[in-house]
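Listed below are the residues making up each chain.
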Amino acid sequence: MATELSEGEEEGKVAGGNQVLIVEDDLREMGKKAAWSVSSCKPGNGVSALRDENLETYWQSDGAQPHLVNIQFQKKVKLQLVVLYVDFKLDESYTPSKISIRAGDGFHNLKEIKTVELVKPSGWVYLSLSGNDPRETFVNTFMLQIAVLSNHLNGRDTHVRQIKVYGPRPNPIPHQPFHFTSREFITYSFVR
């Protein structure tokens, strides 16, 4: 995973990256349930390149900053983790250096929930959406917006190779504290 800097560094800076995507089993990818849009793109490098599972393709913005990726859901969802694949070695000045994550019901009431500085990232970068309070493990929202505020080396346009959004996996039986997986255990899990 990407490592957060310590020893005198500001909170919210992320360095490194992971070449292999590793996500906990209790999370599921929520991006396929959403409508994705971007603020601008070069022809052939649009929103589909963010979701094609190919690390060789990328979304390339075209225009003034901030560059935006909008992720809209039909119903309110719980989101816990955003994972980006960016590569400073390949993209240099196109690599994002400062990212803002916003959430809300729609474009009219987005609130910033996290701002992160990326320090020459190369690989999968993990951005947790949990708050400072340990009870705040996820964000409950209709819309998530990822804004690229600045790029490395003062670059104008940006490259992001993949974005994945994860939320908690629901318990198959509501109000059941245990996670039974076999049919036999589920059958005998209630007292009659």
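Relevant structure appears above.
The structure presented is a predicted model; accordingly, all values stated were derived computationally and were not measured. (Residues numbered from 1 in each chain as written. Predicted model: local features only at pLDDT ≥ 70, side-chain atom pairs only at ≥ 80, totals over all residues. Heavy atoms only, no water.)

Caption draft 1: Quick look at the overall build of the protein. Check the secondary structure of the protein and you find 2 helices and 13 strands. Residues classed as buried in the protein amount to 43% of the 192 residues present. Of the contacts formed within the protein by residues at least 6 apart in sequence, a portion of 76% connects residues at least 24 apart. As presented, the protein carries roughly 11,200 Å² of accessible surface, and 51% of it is formed by carbon and sulfur atoms. (Helix = DSSP H or I, 4+ residues; strand = E, 2+ residues; numbered from the N terminus. Buried < 20%, exposed > 50% of the residue type's maximum accessible area, 1.4 Å probe, protein only. Contact = heavy atoms within 4.5 Å. Areas by Shrake-Rupley, 256 points an atom, 1.4 Å probe, with all protein chains shown as cover.)

Caption draft 2: Quick peek at the environment of Ala-34. Locating Ala-34 in the fold gives a position in strand 4 (residues 34–38). With 110 residues separating them in the primary sequence, Ala-34 and Leu-144 have C-alpha atoms 9.9 Å apart. If sequence neighbours within four positions are ignored, Ala-34 has contacts with Ile-71, Gln-72 and Phe-73.

Caption draft 3: Just the sheet that holds strand 13 (residues 162–168), in detail. Pairing within the open sheet is antiparallel, and its 4 strands lie in the order 3-13-7-10. Taken across any chain shown, the strands that pair with only one partner, and hence form the sheet edges, are strand 3 (27–29) and strand 10 (122–128). Mean inter-strand twist for the sheet, computed between neighbouring axes without regard to direction, equals 25°. As paired elements, strand 7 (residues 81–87) and strand 10 share 7 bridges and run antiparallel to each other. Each residue of the ladder has a partner; that of Leu-84, found in strand 10, is Val-125. (Pairing = 2+ DSSP bridges. Axes fitted to C-alpha atoms, helices over the stretch in contact; angles between N-to-C directions.)

Caption draft 4: Spatial organisation of the side chain of Gln-60. Inspection of the secondary structure puts Gln-60 in strand 5 (residues 59–60). Here His-159 takes part through its side chain, which lies 3.2 Å from a polar atom of the side chain of Gln-60. Setting aside anything within four residues of it in sequence, one finds Gln-60 in contact with Ser-40, Cys-41, Lys-42, Asn-45, Tyr-94, Asp-157, Thr-158 and His-159. (Polar contact = N/O pair within 3.5 Å; in protein donor to acceptor, adjacent residues only side chain to side chain.)

Caption draft 5: Here's a closer look at the pattern of salt bridges. All chains considered together, the criterion is met by 4 salt bridges. The salt bridge involving Arg-51 is made with Glu-29; its shortest N-O contact spans 3.1 Å. You can see Arg-51 sitting in the loop between strand 4 and strand 5 and its partner Glu-29 sitting in strand 3, a full 22 residues away along the chain. Judged by its relative accessible area of 15%, Glu-29 is buried. (Salt bridge = Lys/Arg side-chain N within 4 Å of Asp/Glu carboxyl O.)

Caption draft 6: Inspection of the packing of aromatic side chains at higher detail. A complete count under the given rule lists 1 aromatic pair for this structure. For the pair Tyr-85 and Trp-124, a centre-to-centre distance of 5.1 Å together with 75° between the ring planes defines the contact as edge-to-face. Residue Tyr-85 is found in strand 7, and its partner Trp-124 is found in strand 10; the two are separated by 39 residues along the sequence. By the burial criterion, Tyr-85 is buried, and Trp-124 matches it. (Phe/Tyr/Trp six-rings, centres within 6.5 Å; stacked < 30°, edge-to-face > 60°.)

Caption draft 7: Expanded view of the nonpolar core. The biggest cluster of nonpolar side chains holds 28 residues, and the ones touching the most others in it are Val-69, Ile-71, Leu-79, Val-82, Leu-127, Leu-144 and Ile-163. Put simply, the parts of the chain that give this core at least two residues each are strand 4, strand 6 (67–79), strand 7, strand 8 (96–104), strand 9 (111–119), strand 10, strand 11 (139–151) and strand 13. Ranked by residue count, the leading element in this core is strand 6, at 5 residues. Setting aside its immediate chain neighbours within four residues, Ile-163 contacts Trp-36, Leu-50, Arg-51, Val-69, Val-82, Val-83, Leu-84 and Ile-146. Counting residues in each nonpolar core, the second largest holds 7 residues, with Leu-27, Leu-81, Tyr-85 and Tyr-126 among its members. (Core = buried A, V, L, I, M, F, W, Y, C linked by side-chain atoms within 4.5 Å.)

Caption draft 8: Representation of a positive patch on the surface within the structure. A cluster of basic residues, Lys-32, Lys-33, Lys-75 and Arg-169, forms a positive patch on the protein surface. Assignment of secondary structure puts Lys-33 in the loop between strand 3 and strand 4. (Patch = residues over 30% accessible without salt bridge, like charges linked within 9 Å, V, L, I, M, F, W, Y side chains within 5 Å. Lys, Arg positive; Asp, Glu negative; His and termini not counted. Charge placed at Lys NZ, Arg CZ, Asp CG, Glu CD.)

Caption draft 9: Focus on unusual backbone geometry. Cis geometry is adopted by the peptide bond preceding Pro-66, which originates at Gln-65 and carries an omega value of 0°. The residue Pro-66 is located in the loop between strand 5 and strand 6 in this model. Positive phi, close to 45°, is recorded for Lys-120, a residue that is not glycine. As for its position among the elements, Lys-120 is in the loop between strand 9 and strand 10.

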